[in-house]
Amino acid sequence: MMARPPSGESLLTRVVRIFEAFGPEEPVLTVSEIGRRAALLQATTARLVKEMTGHGLLARDDDRKVRIGTRMWELAERASPVRRTRW
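What you see is a predicted model, and the numbers here were worked out from it, not measured in a lab. (Residues numbered from 1 in each chain as written. Predicted model: local features only at pLDDT ≥ 70, side-chain atom pairs only at ≥ 80, totals over all residues. Heavy atoms only, no water.)

Caption draft 1: Molecular detail of helix α3 (residues 42–54). A rise of 1.5 Å per residue sets the reference length of α3, with its 13 residues, at 18 Å; its end C-alpha atoms lie 18 Å apart and thus fit the reference within 8%. Restricting attention to buried positions, one finds in α3 the residues T44, T45, L48, V49 and M52. Buried residues of α3, viewed axially, fall in a sector of 125°; they line one side. Facing away from the buried side of α3, by more than 90 degrees, are the exposed residues A43, K50 and G54. (Helix = DSSP H or I, 4+ residues; strand = E, 2+ residues; numbered from the N terminus. Expected span 1.5 Å × (residues − 1). Buried < 20%, exposed > 50% of the residue type's maximum accessible area, 1.4 Å probe, protein only. Arc of directions from axis to C-beta.)

Caption draft 2: Molecular detail of the nonpolar core. Within the largest apolar cluster, 17 residues are counted, with the highest numbers of intra-cluster contacts made by I18, F19, F22, I34, M52, L58 and V66. Once residues lying within four places of it in the same chain are set aside, the contact partners of F19 are M52, L57, L58, I68 and M72. (Core = buried A, V, L, I, M, F, W, Y, C linked by side-chain atoms within 4.5 Å. Contact = heavy atoms within 4.5 Å.)

Caption draft 3: Here's a closer look at the packing of helix α2 (residues 31–38) against α3. One can describe the packing of α2 onto α3 by two numbers: an axis separation of 9 Å at closest approach and a directional angle of 115°. Between α2 and α3, the angle is such that the two are roughly perpendicular. Handedness of the α2/α3 crossing: right-handed. Contact residues: V31, S32, I34 and G35 in α2; Q42, T45, A46 and V49 in α3. The residue inventory of the contact of α2 with α3, partitioned by class, reads four nonpolar, four polar and no charged. (Axes fitted to C-alpha atoms, helices over the stretch in contact; angles between N-to-C directions. Parallel < 35°, antiparallel > 145°, perpendicular 65-115°, else oblique. Left-handed = near helix turned anticlockwise from the far one by under 90°. Nonpolar A, V, L, I, M, F, W, Y, C, P; charged D, E, K, R; others polar.)

Caption draft 4: Layout of the pattern of salt bridges. By the definition in use, this model includes four salt bridges. The shortest N-O distance in the salt bridge between R37 and E26 comes to 3.8 Å. Highlighted residues: R37 in helix α2 and E26 in the loop between α1 (11–20) and β1 (28–29), separated in sequence by eleven residues. Judged by its relative accessible area of 26%, E26 falls in the partly exposed class. (Salt bridge = Lys/Arg side-chain N within 4 Å of Asp/Glu carboxyl O.)

Laid out in structure tokens, this is it:
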């Protein structure tokens, strides 16, 4: 089990901040950029990005840049209030 950081922030809060680092104008970021935008230590960011990538929530390009992963899109689609109608 991971210890809470001195700020008392939960793991989930840090994961949400990582997702919030991305935006329409910044769909692809480096780990360093994610850490700065999420106000996380570099080691914490790298560890969380690696774990989130393993679950498909984030994905790495060939140049090691990070983007939202397909698994996250799949989960978001399930929660969509818009139902698809089949004809």
